[in-house]
Amino acid sequence: MITLEHVSKTFTSHGRTVPAVDDISLEVGEGELHVLIGPSGSGKTTTMRMINRLETLTTGRILIDGRDIQTLNVVELRRGIGYVIQQGGLFPHFTVADNVAIVPRLLGWPRQKRRQRAEELLALVGLPPEQFADRYPRELSGGQQQRVGVARALAVDPPIVLMDEPFGAVDPITRKQLQRELRRIQEEVRKTIVFVTHDIAEAFLLGDRIVLMAEGRIVQNGAPSDLLRNPADPFVTAFIGEDRGLRALQFTSLGDVAQPVPPGVPPGGMVLPGTLSILDAGRELGIHGDAIGEGIWVGDDVGNPTGYLTYQQFAAVLGETLAADAEAPHDETAHAIHL
Ligand SMILES: Nc1ncnc2c1ncn2[C@@H]1O[C@H](COP(=O)(O)OP(=O)(O)OP(=O)(O)O)[C@@H](O)[C@H]1O
Ligand SMILES: [Mg+2]
């Protein structure tokens with residue numbers, strides 16, 4: 001849905017050229033949430049702003065649904081892209097409902113329809129409209145303002161949403177709550193989302209894929225379990241930090257490691273869902289250890305077996321993960337996990 005081909009961006013300031021983004025290529029599939037993460041100044045915001053043409057590219061191409069964005073009308077392009085910025089960016093003299101309905105108003109929607117849409121979206125983001133629609137932004141907490149920002153980005157139902165550190169300015173507890181809400185909303189609305197964060201835990205929680213950037217380049221682009229199990233280089237390991245082993249167990253699912261069912265395995269025994277993390281599977285086995293026999297059946301959502309792991313294979317996955325972790329310096333996570 002969104003394709004970046006060899007995209008670069010250099011800024012010129014005070015006669016010096018600054019390479020902000022350096023030859024990045026990237027593909028974000030429809031309905032996926034990709035997280036851009038990396039140190040300050042690594043080019044995350046610039047990358048995002050090139051997608052909605054708030055910045056022009058120096059070289060390369062960006063395509064949306066196969067069409068070069070340079071050839072599209074910029075107003076129409078942006079109508080199809082919701083944008084959530086840090087601090088909410090709400091208009092202080094507009095009510096919450098009017099803030100949400102800004103783009104619908106620009107598009108000339110009748111008042112009634114705008115109001116209805118705003119109320120629907122406020123409900124979606126967990127702000128009961130009868131309580132919040134007519135307040136002003138200053139009468140809301142930081143977390144509530146962020147939710148209004150998310151509602152506003154969704155107002156005209158754009159297929160794409162760009163979120164630049166949307167939860168950066170709130171306390172950790174509110175942040176957790178907003179992350180969970182975003183997951184729920186995403187299950188409901190399935191947008192194609194590019195999400196920028198500094199927070200590695202947030203990246204693992206939300207990302208279908210994680211794109212780790214440094215100095216304008218992509219260091220690694222993979223599923224969370226890829227980054228954890230096969231980090232491209234020491235920078236990735238260092239960036240992920242000391243919890244790598246624990247995270248690897250959390251973000252690798254049984255489905256990721258299940259094998260085809262070998263012939264001759266008698267049916268019966270435990271079936272665990274493929275979506276279960278290795279960590280949770282380990283806990284299950286700890287609780288129901290007597291029932292496992294030779295191995296674990298891995299099933300789909302409704303419990304039909306689709307794969308298999310012998311107990312030995314399961315132990316090997318655990319062992320590899322923890323061994324990879326032991327190579328990382330100062331890591332005690334491995335010892336802290338009791339299965
Ligand atoms: N308008 C500009 N003029 C000159 N240099 C710029 C401009 N915007 C960004 N840069 C530079 O481009 C580089 C990348 O900036 P960018 O804002 O994309 O980083 P970032 O990864 O979003 O960082 P942060 O995590 O701090 O938000 C930085 O070195 C920055 O100083
Ligand atoms: Mg930024």
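Cut-off values and rules
- Residues numbered from 1 in each chain as written.
- Chains lettered and ligands numbered in written order.
- Predicted model: local features only at pLDDT ≥ 70, side-chain atom pairs only at ≥ 80, totals over all residues.
- Heavy atoms only, no water.
- Domains from an automatic or database assignment.
- Pairing = 2+ DSSP bridges.
- Helix = DSSP H or I, 4+ residues; strand = E, 2+ residues; numbered from the N terminus.
- Contact = heavy atoms within 4.5 Å.
- Axes fitted to C-alpha atoms, helices over the stretch in contact; angles between N-to-C directions.
- Buried < 20%, exposed > 50% of the residue type's maximum accessible area, 1.4 Å probe, protein only.
- Core = buried A, V, L, I, M, F, W, Y, C linked by side-chain atoms within 4.5 Å.

**A closer look at the domain arrangement of the chain**
So, step 1. Here the chain is described as being made up of domain 1 (2-242) and domain 2 (248-336).
So, step 2. Using only C-alpha atoms to locate each centre, domain 1 and domain 2 end up separated by 34 Å.

**Some points on the sheet that holds strand 1 (residues 2-13)**
So, step 1. Read across the sheet, four strands follow the order 2-1-4-5 without closing on themselves; strand pairing throughout is antiparallel. One side of each edge strand has no neighbouring strand; the edge strands of this open sheet are strand 2 (16-28) and strand 5 (67-68).
So, step 2. Across nine bridges, the pairing between strand 1 and strand 2 is antiparallel. Note on strand 2: the bridge partner recorded for Ser13 is Arg16.
So, step 3. Along the sheet, helix 1 (residues 44-51) contacts strand 1, strand 2 and strand 4 (59-64); its crossing angle with strand 1, the most-contacted strand, is approximately 115 degrees.

**Some points on the sheet that holds strand 8 (residues 192-197)**
Consider a sheet: its strands pair through backbone hydrogen bonds, and that pairing is either parallel or antiparallel.
So, step 1. Here six strands make up an open sheet; going across it, the order is 6-7-8-3-9-10 and the pairing mixed. Every other strand in the sheet has two partners, leaving strand 6 (81-84) and strand 10 (217-222) as the edge strands with one partner each. Ignoring strand direction, the axes of neighbouring strands in this sheet form an average angle of 15 degrees.
So, step 2. Pairing between strand 3 (residues 33-37) and strand 8: five bridges, direction parallel. Pairing of Ile37 across the sheet is with Thr197, part of strand 8.
So, step 3. Sitting on the sheet, helix 7 (residues 142-153) touches strand 6 and strand 7 (160-164), and the angle it makes with strand 6 is about 170 degrees.
So, step 4. Each of strand 3, strand 7 and strand 8 is contacted by helix 8 (residues 172-189), which is oriented at about 165 degrees to strand 8, the strand it contacts most.

**A few points about the environment of Leu36**
So, step 1. Along the polypeptide, Leu36 turns up in strand 3.
So, step 2. Judged by its relative accessible area of 1%, Leu36 falls in the buried class.
So, step 3. Separated by 246 residues in the primary sequence, Leu36 and Gly282 place their C-alpha atoms 30 Å from one another.
So, step 4. Look past the residues within four positions of Leu36 in its chain and what remains in contact with it is Leu26, Lys44, Thr47, Val194, Phe195, Val196, Thr197 and Val211.

**Notes on the pairing of strand 10**
So, step 1. For strand 9 (residues 209-214) and strand 10, the ladder comprises five bridges, and the chain directions are antiparallel. Within strand 10, the position partnered with Met213 by the bridge is Ile218.
So, step 2. A loop of two residues connects strand 9 with strand 10, the two strands running antiparallel in sequence, and Glu215 in this loop sits at a positive phi of about 50 degrees.

**Overview of unusual backbone geometry**
Negative phi characterises most residues that are not glycine, and trans characterises most peptide bonds.
So, step 1. With a phi angle near 60 degrees, Arg53 is a residue other than glycine that sits in the positive phi range.
So, step 2. Assignment of secondary structure puts Arg53 in the loop between helix 1 and strand 4.
So, step 3. The exposure class of Arg53 is partly exposed, given its relative accessible area of 23%.
So, step 4. With phi around 45 degrees, Arg190 is a residue other than glycine that occupies positive phi space.
So, step 5. Tracing the backbone shows Arg190 in the loop between helix 8 and strand 8.
So, step 6. With relative accessibility at 47%, the residue Arg190 sits in the partly exposed group.

**Concerning helix 1**
An α-helical segment advances 3.6 residues per turn. Residues three or four places apart therefore align on the same side.
So, step 1. Of all the eight residues making up helix 1, six are buried; the element is thus mostly covered by neighbouring parts of the structure.
So, step 2. When we look at burial in helix 1, the residues that qualify are Lys44, Thr46, Thr47, Met48, Met50 and Ile51.
So, step 3. The first or second residue beyond helix 1 is Arg53, which carries a positive phi of 60 degrees.

**What about the nonpolar core?**
So, step 1. Ranked by internal contacts, the top residues of the largest apolar core, which has 43 residues, are Met163 and Phe195.
So, step 2. Ranked by size, the runner-up nonpolar core spans 25 residues in total, among them Val7, Leu77, Ile160 and Val211.

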